[in-house]
Amino acid sequence: MPEGSEPLLEVHDLVVRYGAATALDGVDLAVGRAEMVALVGPNGAGKTTLLDTVSGLVAPAAGRIELRGRLAQVPEGRRLFPEMTVEDNLRLGAWRVRDRRVGPVYELFPHLVELRRRKAGSLSCGEQQMVAVGRALMGQPDLLAVDELSLGLAPQIVDTLAEHLQDLNRRSGMAILLVEQNARLALDICSRAYVIEAGRIALTGPSEQLRNSPAVQAAYLGGAYEA
Amino acid sequence: MTLFLQYLAAGIASGSTFALVATGFVVIYRVTGVINFAQGVFAVLGGFLAYSLLQAGVAHGLAESLAVLITAAIGLVVGLVALGRRGTPPLASLIVTLGLAIFSYAVVITTWGDHPISYEGLSGLLAIGGVSMQRQYVLIVGAAVVTFLALALLFGRTYLGMALTACSSDQRAARLMGIDVWRMGLLAFAVGGGLGGLAGVLLTPLQPVQFDSDVGIAVNGFAAAIFGGLVRPVTAFAGGLVLGVAEAMVAGYYRSSYETAIALAVMLALMLWQASRRAPSEE
Amino acid sequence: MIGPRARSRRVVVAVLAAATLALPPLLPPEWQSLYVFIGLYAIVTCGLSLLMGFAGQVSLGQAAFYAIGAYAAAIPAVRGAPPALGLLAGTVVAAAIAAAIGVPLLRLRGHYLAFGTLAFQLILLTFIAEAGDLTGGDIGLRGIPPLGLGGVQAVTPVEYAYVTWVAVAAVFLVTRNVVRSRPGRALRALATSESAAAAAGVPVAAYKVMVFALSAAYAGLAGAIYAFFLSYIAPGSFPILLSIQFLVMAAVGGLGAVWGSLVGAAVVTLVVQLLQEVGSLPGMPTQVPAVLSYAVYALVLIVVMLLLPSGIVPALTARAASRRRDDAASTEATLGDDARASRLSSVP
Ligand SMILES: Nc1ncnc2c1ncn2[C@@H]1O[C@H](COP(=O)(O)OP(=O)(O)OP(=O)(O)O)[C@@H](O)[C@H]1O
Ligand SMILES: [Mg+2]
């Protein structure tokens, strides 16, 4: 994390329980302004739980969350409102802010212009992910949390979307917290990463360093990393 | 033939009130996932409130409108209690609404006694194409259609309505947008209360209401609502009309004691037919 | 495997059973028939709880089977058939009708099924009211002979209390065995996920009909005892509100918890009774009993459901379990609520 600046998001010693089961057990995490951070880990590690807690959907049992800006989440599985048009989906993304103009999102994803009157449920997965990202952007976030960007998408589409995220980060300084099963992709586009396992942060550091760690290579990169 | 048309008119009129109650069920169920069994109570209270206001000398029209507004407020209170703390399961909420319905009996008996009441609606007949029908029927159908269109506009065209629809479509996603699902639920309960109240205000001149008339009204409304799977307002509205007409025909041509039973049997048969058309493996 | 806890539980059950049977003669007369009703309602609620908690199916028309049991017992009895056969008739006819209508009806799911059962009851009530020759119509059936076998007759409330509570014991025993049987465990899977159960090879449709019929059999048995006990039945004895009351008893006690049906039936019946007594004290205006019982009944219902949404018995047992867990810090911590509830409910 860049020295000196106050992080946008700080999570300290976070504990989350679902009934008797503990999903997060003392998690520390921080995202600086304009930073791109990856969060990787196996199924059921608690990645979605962490994002949901930060988004205020799940109440923590203990710990502290400090968010110094607006956060929007692109949820796992996209979760568009299928019966509504693309444009209505986008406009609902602006519920928290005054500005409901959808122009900027269409500039980012010109392909959505021709789909604006279509029902969101009738789109392809890739198109839906564009709408989901666009809908989150409508909330004018300082931090964009993306849960499983690549889930069920063709590789080219994932690449395009990843480029868009990098672009947003570079141009407008939007911080991004990227949850990914595809650790290779996440480590490629983010500068720093956390590895979460069974509700605990197992490893953290610059992407470069994690990429070269034998443990990460074995568990997440399917052997040695080829650049 | 004219007899048939008269039964049809009567059926469409009472069916319109079922449709209003059914729409109330649907609005509340869609947004909150709760089946509000106090839905019939709104109609009963609407009738009693309008009755009292009229007795107090408030003019027709104003009295009924005030009664509807008050039932909407009562709907809000019912929602407040029924939704309880966040995370109250829908079955618990459902039973709470049953409890509230029973509670209303105590309120109605204390305030108005346990005798049925009624008041004059629009009097006189209106002849349309050789069929003369009560003007109250025309008022009921007109009010129901206008209300339904207004609701369609609310849900389909306004930003608030979109947010309500979002809550019914995906609560988690709605919360991620920052929509307060709980407040939207309360709003839905208020709308449901108003719809029930309107049904009661319109129905009371045709058939007197008493404290426990809510069961019959709720059963008919629920039957119509379930016809649309509790989520499709248009089908629920149509279901209300079908039910009303079926009951009027049975009462007219056969025996009025069979009207509800046969109408329910028809609804049930339609539902079973729908269910058998779905592939059994499909959830 | 009989651990110390299971043994102590057996002792508790034995003591409870003895107390149950010793109690009726000691009760003041006006409480004796209340005691009968608690037992009858516990039987019906046990079936409903089984249906909802284990098979995941909702019934808003359970009083229909209570009515069927009552009429199936009373109709032959007033025509001279031996009354004891009525108990059998009530049970079997209710189960048979449930099995017959269950085949199409249980294709409906969730709220549709709730509506279907509600509609069934309303249709049945209309039929009973209209089939006057058979059922006595709206006026009802009078002069149902008392229950008896050979020379022994049950006449007093105390005697009916014995009949009823023996039936309660039988029903609980059957329920316990059903819950513990292989089909019972499969049923639990049904409540959690029907498609998963079907994928695991559970004959979902057949099991659902079986549980539906079993719950109807319980209601039918209770209805038959009811008919003999009151010696008078009419369509008005079985309103929709009674079905709702059964639902409330099941929910208050806790779904899927066998003991919950007893607790739910007792709590709700006692509350209603207490209110009626308070309301009919001398000097009260005539409307007070009704108003008071509606109001307080409603408030108890609302408060219990909002504070203990899973019902009284699961809430208590969960608390006990968590205390035990704190003591032992055992692996139970990883068990979900589901596992806990069903494990407890398998111990009647
Ligand atoms: N609503 C819930 N109720 C109970 N347990 C839950 C709930 N949501 C998640 N869990 C449990 O919490 C743990 C963490 O789940 P979470 O969804 O956060 O994992 P994840 O890392 O996002 O997994 P995935 O990669 O599969 O999306 C899992 O064991 C999961 O079963
Ligand atoms: Mg996840």
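Refer to the structure presented above.
Note that this is a predicted model, so its numbers are computed, not measured.

1. Concerning the coordination of the magnesium ion (ligand 2)
Residues and elements named next belong to chain A.
Part 1 of the reasoning: Taken together, the protein donors to the magnesium ion (ligand 2) comprise Thr48 (OG1) and Glu76 (OE), at separations of 1.8 to 2.3 Å. Here glutamate 76 lies in the loop between strand S5 (71-74) and helix H2 (86-92) and threonine 48 lies in helix H1 (residues 47-54), a separation of 28 residues in the sequence.
Part 2 of the reasoning: Note on glutamate 76: relative accessible area 31%, which makes it partly exposed.

2. Quick word on the nonpolar core
It is characteristic of soluble globular proteins that their nonpolar side chains tend to be buried jointly.
Part 1 of the reasoning: Counting residues in hydrophobic clusters, the biggest one holds 282 residues, and the most contacted among them are Leu144(A), Leu165(A), Tyr66(C), Phe115(C), Ile233(C) and Phe238(C).
Part 2 of the reasoning: Among the elements that make up this core, the one with the highest residue count is helix H10 (residues 204-230) of chain C (16 residues).
Part 3 of the reasoning: Discounting chain neighbours no more than four positions away, the residues touching Ile233(C) are Ala70(C), Tyr71(C), Ala74(C), Gly140(C), Leu141(C), Ile144(C), Tyr226(C), Ala227(C) and Phe238(C).

3. Considering the site of ligand 1
Residues and elements named next belong to chain A.
Part 1 of the reasoning: Around ligand 1, a shell composed of 13 residues is seen, among which Lys47, Thr48, Thr49, Glu76 and Gln181 lie nearest.
Part 2 of the reasoning: Contact distances for ligand 1 include 2.6 Å between an oxygen atom and a side-chain N or O atom of threonine 48.
Part 3 of the reasoning: Expressed as a share of its isolated accessible area of 630 Å², the protein-covered part of ligand 1 is 58%.
Part 4 of the reasoning: If you tally residues by element for the shell around ligand 1, the top one is H1, at 3 residues.
Part 5 of the reasoning: A class-by-class count of the residues in the shell around ligand 1 yields 4 nonpolar, 6 polar and 3 charged.

4. Points about the pattern of salt bridges
Part 1 of the reasoning: Scanning all chains against the criterion turns up 16 salt bridges over all chains.
Part 2 of the reasoning: Across the pair Glu208(A) and Arg211(A) runs a salt bridge whose closest N-O atoms are separated by 3.1 Å. Of the two residues, Glu208(A) and Arg211(A) are both situated in helix H7 (residues 207-212); the distance of 3 residues between them amounts to about one turn of the helix.
Part 3 of the reasoning: A relative accessible area of 11% means that Arg211(A) is categorised as buried.
Part 4 of the reasoning: Across the pair Arg255(B) and Glu130(C) runs a salt bridge whose closest N-O atoms are separated by 2.5 Å. With one member in each of two chains, Arg255(B) in the loop between helix H10 (233-253) and helix H11 (259-277) and Glu130(C) in helix H5 (residues 110-130) form a pair that bridges those chains.
Part 5 of the reasoning: In this structure Arg255(B) comes out as partly exposed when scored by relative accessible area, which is 41%.
Part 6 of the reasoning: The structure contains a network of salt bridges with shared partners spanning Glu6(A), Glu10(A), Arg64(A), Glu66(A) and Arg68(A).

5. Regarding the interface of chain B and chain C
Part 1 of the reasoning: With 48 residues of chain B at the contact, the number on the chain C side is 39 residues.
Part 2 of the reasoning: Summed over the shared surface of chain B and chain C, the result is 2 residue pairs in polar contact (both at pLDDT 80 or more).
Part 3 of the reasoning: If you list the elements that add at least two residues to the side of chain B that touches chain C, you get helix H3 (62-83), helix H4 (90-112), helix H9 (214-227) and H11 of chain B.
Part 4 of the reasoning: For the side of chain B that touches chain C, the element with the most residues is H4(B), which contributes 14 residues.
Part 5 of the reasoning: Grouping the amino acids of the side of chain B that touches chain C by side-chain chemistry returns 35 nonpolar, 8 polar and 5 charged.

6. Points about the sheet that holds strand S7 (residues 175-180) of chain A
Residue and element names in this part refer to chain A.
Part 1 of the reasoning: Strand order across the open sheet formed by 6 strands is S5-S6-S7-S3-S8-S9, with mixed pairing between neighbours. The strands lining the two open edges of the sheet, one partner per strand, are S5 and strand S9 (200-206). Strand-to-strand, the axes of this sheet are offset by a mean angle of 15°, without reference to chain direction.
Part 2 of the reasoning: With 4 bridges joining them, S5 and strand S6 (residues 143-147) adopt parallel strand pairing. Bridge assignment links valine 74 to a residue of S6, and that residue is valine 146.
Part 3 of the reasoning: The sheet strands contacting helix H4 (residues 125-137) are S5 and S6, and the helix crosses S5 at an angle near 170°.

7. A look at the pairing of strand S8 (residues 192-197) of chain A
In regular strands, side chains alternate between the two faces of the sheet.
All names here are of chain A.
Part 1 of the reasoning: The element S8 is largely enclosed, with a buried count of 5 among its 6 residues.
Part 2 of the reasoning: Where S8 meets S9, 6 bridges bridge the pair, whose relative direction is antiparallel. Bridge pairing in S9 links valine 195 to leucine 203.
Part 3 of the reasoning: Between S8 and S9, which pair antiparallel in sequence order, lie 2 residues; one of them, alanine 198, sits at a positive phi of approximately 50°.

8. Side note on a nonpolar patch on the surface
Part 1 of the reasoning: On the surface, a cluster of nonpolar side chains totalling about 470 Å² of accessible area is made up of Leu3(B), Tyr253(B), Tyr254(B), Ile262(B) and Val266(B).
Part 2 of the reasoning: Within the element layout of this structure, Ile262(B) appears in helix H11.

9. Overview of the side chain of Glu247(B)
All names here are of chain B.
Part 1 of the reasoning: Along the polypeptide, glutamate 247 turns up in helix H10.
Part 2 of the reasoning: Here glutamate 247 sits buried without a salt bridge, and the closest side chain of opposite charge, arginine 255, lies 15 Å off (N-O distance).
Part 3 of the reasoning: Glutamate 247 has contacts with Phe18, Asn220, Glu259, Thr260 and Ala263, leaving out every residue within four places of it along the chain.

10. Focus: unusual backbone geometry
Residues and elements named next belong to chain A.
Part 1 of the reasoning: Phi angles above zero are rare outside glycine, and glutamine 140 is one such case at about 45°.
Part 2 of the reasoning: Among the secondary structure elements, glutamine 140 is positioned in the loop between H4 and S6.
Part 3 of the reasoning: Taking the relative accessible area as the measure of exposure, glutamine 140 reaches 37% and is therefore partly exposed.
Part 4 of the reasoning: The phi dihedral of alanine 198 falls on the positive side, at around 50°, and the residue is not glycine.

Conventions used here
Along each chain, numbering runs from 1 in the same order as the chain's sequence is written. Chains carry letters and ligands carry numbers; both start at the beginning, A for chains and 1 for ligands, and go up in the order they are written. Local features in a predicted model are, by the rule used here, given only for residues with pLDDT of at least 70; side-chain atom pairs are given and counted only at 80 or more, and totals for whole chains, interfaces and linings are based on all residues. Hydrogens are left out, water is left out, and the side-chain values use all remaining heavy atoms of the structure. We call an atom a donor if it is N, O or S and sits within 2.8 Å of the metal, or 3.2 Å for Na, K and Ca. Water is not counted, so some sites may look partial. The helix count covers DSSP runs of H or I at least four residues long, the strand count covers runs of E at least two residues long, and both are numbered beginning at the N terminus. Partly exposed residues are those whose accessible area sits between 20% and 50% of the maximum for their type, while under 20% is buried and over 50% is exposed, using a 1.4 Å probe and protein chains only. Grouping buried Ala, Val, Leu, Ile, Met, Phe, Trp, Tyr and Cys residues that are joined through side-chain atoms within 4.5 Å yields what is termed a nonpolar core. Two residues form a contact once any of their heavy atoms are found within 4.5 Å. To be near a molecule or strand, a residue needs just one of its heavy atoms within 4 Å of it. Counting of polar contacts relies on pairs of N or O atoms within 3.5 Å, with two restrictions inside protein: one atom must be capable of donating a hydrogen and the other of accepting it, and residues adjacent in sequence are counted only when both atoms are side-chain atoms. We get accessible surface area from the Shrake-Rupley algorithm with a probe of 1.4 Å; when it comes to residues, only the shown protein chains can shield them. Amino acids are sorted into nonpolar (Ala, Val, Leu, Ile, Met, Phe, Trp, Tyr, Cys and Pro), charged (Asp, Glu, Lys and Arg) and polar (every other residue, Gly among them). By convention in these notes, a salt bridge is any Lys or Arg side-chain nitrogen within 4 Å of a carboxyl oxygen on Asp or Glu. The pairing criterion is simple: DSSP has to find at least two bridges between the two strands. Every axis in this analysis is a line fitted to C-alpha atoms, fitted for helices over the stretch in contact. Angles between the N-to-C directions lie between 0 and 180 degrees. The residues that make up patches have over 30% relative accessible area and no salt bridge, and they are joined within 9 Å when like-charged or within 5 Å when they are Val, Leu, Ile, Met, Phe, Trp or Tyr. Charged residues are defined here as Lys and Arg on the positive side and Asp and Glu on the negative side; His and the ends of the chain fall outside this count.

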